[in-house]
Amino acid sequence: MNIYDVSNKAGVSIATVSRVLNGNAKVSSATRNKVLDAMKELDYTPNVFARGLGLNTMKTIGIMCIDSSDIYLANAVYYLEQELRKHGYDSILCCTGKDYTNKKKYLELLLSKRVDGIILAGSQFVENTNIHNNDYIINAAKDIPIVLVNGYLDAPNIYSVMCNDEIAIYNATNLLINNGHRNIVYLYTSKSYSGMNKYAGYIKALKEADISLPEDYRHLCGKNISHAKEYLNYLYNKGIEFDAVVTSDDSLAAGAVKYAHAHSISVPDELEIIGFNNSVLSICTEPELTSIDSHVEQLSTKAVDVLMKVLCGESADKHSIITADIIKRNTTHF
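Report on the accompanying structure. It should be emphasised that the depicted structure is a prediction, and the values quoted were computed from it without experimental measurement.

**Considerations on the overall build of the chain**
Along the chain, the regular secondary structure elements total eleven helices and twelve strands. Expressed along its principal axes, the backbone C-alpha trace of the chain runs to roughly 75 × 35 × 35 Å. Looking at the chain as a whole, 53% of its 334 residues qualify as buried. Partitioning the intrachain contacts of the chain with sequence separation of at least 6 by distance along the chain shows that 72% fall at a separation of at least 24. Carbon and sulfur atoms make up 48% of the accessible area of the chain, which amounts to about 14,900 Å² in all. A gap of 7 Å separates the mean positions of the 32 positive and 38 negative side-chain charges of the chain.

What follows is the structure, given as structure tokens:
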């Protein structure tokens, strides 16, 4: 049994059931009694330990991320925890790795801890190819709300807060094209929902400019400075010419700077480079990186805001978009 069964039995919306479970004073006595009677008849126990007829909760939110050592995800977790604390909620963090079995296991662990909701930080929890691997998330959302930070899954009780990744990379690539570049390499780290949106932005900008480049000009590599440098060395050794590099992460852009330094290539005069995330890495290179700011703090704050509205039985946006900005530093001329 779950809140959908209660909703159908009582003849009210899921939001109304949520309001009753969370003790929202705006629910009338008659409606509250209908929901409580349906719960009793169905022998439904709310999926939060000690939630007595919707009067209290564990005040705990589960947070899942792939890798807490990743700069972007570490920042996201920090801001999520800070924002949850402002609302009086504790958090439980699970670092799952990329393996599907571990992701599923940790989500089930959080459910067993009777958390009030779950936030999935990062876009690699949603499968784009084997969509059945998303069932464990969809099923969990039948009991508690789930918010995806920079991920998207269209299912009931699942909410997403996204950066406009496609537009961000599209704009960055266009700026390079307007600077006269035609041989633009794109390095990316993931085929996740966010990763493919970024990729689509690069392809769209090239297509509109009537630029056709071989597959060698776009490469999936690990989120690693050395991997990016090694791939650009590979292009250099093959005699493949390029005059600009756009990346899906600052670590790859830093690798491009190291590549340029190793070959005495002037940045930005001979090679322009754009990173993504505006992380601490963007100011650790020389020259400092121009980078797309995806506003991880704003994404995290919005994710918590959406979750708090859902837990209070209020209306919340299913899909929220945060606009990215390009932070100009010294690896570009524009």
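**Some thoughts on the sheet that holds strand E8 (residues 244-247)**
Spatial ordering of the open sheet is given by E7-E6-E8-E9-E10-E12, a layout of six strands whose pairing is mixed. Each having just a single partner strand, strand E7 (218-220) and strand E12 (325-327) make up the two edges of the open sheet. With strand direction ignored, the average angle separating the axes of adjacent strands in the sheet is 20 degrees. Against the sheet, helix H7 (residues 165-178) engages strand E6 (184-188), E8, strand E9 (272-276), strand E10 (290-293) and E12, with an angle of about 170 degrees to E9. This element, helix H9 (residues 225-238), spans E6, E7 and E8 of the sheet and lies at about 145 degrees to E6.

**Describing H9**
For H9, with 14 residues, the first-to-last C-alpha span of 20 Å sits near the 20 Å given by 1.5 Å per residue. Among all positions in H9, only Ala228, Tyr231, Leu232, Asn233 and Leu235 are buried. Check the buried side of H9 and you find it contacts E6, E7, E8 and helix H10 (250-262). Where H9 begins, the capping side chain belongs to Asn224, and its oxygen is found 2.7 Å from the backbone nitrogen of Ser226. At the exit of H9 stands Gly239, carrying a positive phi of roughly 80 degrees.

**Here's the deal with the pairing of E8**
Every second residue of E8 is oriented toward a common face, with Ala244 and Val246 on one face and Val245 and Thr247 on the other, all of them buried. The pairing of E6 with E8 spans four bridges and is parallel. Following the sheet pairing, Leu187 is matched in E8 by Thr247. Across three bridges, E8 lies against E9 in parallel orientation. Looking across to E9, one finds that Ala244 is bridged to Glu272. Crossover E8 to E9 through H10 is right-handed.

**Quick word on helix H1 (residues 3-10)**
What H1 keeps buried is the set Ile3, Tyr4, Val6, Ser7 and Ala10. Take H1 and look down its axis: the buried residues cluster within an arc of 160 degrees, on one side only. Contacts from the buried residues of H1 go to helix H2 (14-21) and helix H3 (29-42). Gly11, located one to two residues past H1, shows a positive phi value of around 70 degrees.

**What to know about the pattern of salt bridges**
Applying the stated criterion to the full structure yields eight salt bridges. Arg218 is paired through a salt bridge with Glu215; the nearest N and O atoms lie 3.3 Å apart. Take Arg218: its relative accessible area is 16%, and that puts it in the buried class. On the basis of relative accessibility, which here comes to 56%, the residue Glu215 falls in the exposed class. Here Lys309 ties to Asp305 by a salt bridge, and the two come within 3.8 Å at their closest N and O atoms. With a gap of four residues between them, Lys309 and Asp305 both fall in helix H11 (residues 296-311), about one helical turn apart.

**Here's the deal with the packing of aromatic side chains**
Evaluated as defined, the whole model comprises ten aromatic pairs. With a centroid separation of 5.6 Å and 80 degrees between ring planes, the pair formed by Tyr100 and Tyr136 is classed as edge-to-face. Of this pair, Tyr100 sits in helix H5 (residues 100-112) while Tyr136 sits in helix H6 (residues 135-140), and the two are 36 residues apart along the sequence. Classification of Tyr100 as partly exposed rests on a relative accessible area of 26%. The ring of Tyr106 has Lys105 lying over it, and the distance from NZ or CZ to the ring centre is 5.1 Å. Across the ring face of Phe276, the terminal group of Lys198 is positioned such that the distance to the ring centre comes to 4.0 Å.

Conventions adopted
- Residues numbered from 1 in each chain as written.
- Predicted model: local features only at pLDDT ≥ 70, side-chain atom pairs only at ≥ 80, totals over all residues.
- Heavy atoms only, no water.
- Helix = DSSP H or I, 4+ residues; strand = E, 2+ residues; numbered from the N terminus.
- Buried < 20%, exposed > 50% of the residue type's maximum accessible area, 1.4 Å probe, protein only.
- Contact = heavy atoms within 4.5 Å.
- Areas by Shrake-Rupley, 256 points an atom, 1.4 Å probe, with all protein chains shown as cover.
- Lys, Arg positive; Asp, Glu negative; His and termini not counted.
- Charge placed at Lys NZ, Arg CZ, Asp CG, Glu CD.
- Pairing = 2+ DSSP bridges.
- Axes fitted to C-alpha atoms, helices over the stretch in contact; angles between N-to-C directions.
- Expected span 1.5 Å × (residues − 1).
- Polar contact = N/O pair within 3.5 Å; in protein donor to acceptor, adjacent residues only side chain to side chain.
- Right-handed = clockwise from strand over helix to strand, strands pointing away.
- Arc of directions from axis to C-beta.
- Salt bridge = Lys/Arg side-chain N within 4 Å of Asp/Glu carboxyl O.
- Phe/Tyr/Trp six-rings, centres within 6.5 Å; stacked < 30°, edge-to-face > 60°.
- Lys NZ or Arg CZ within 6 Å of the ring centre and 35° of its normal.

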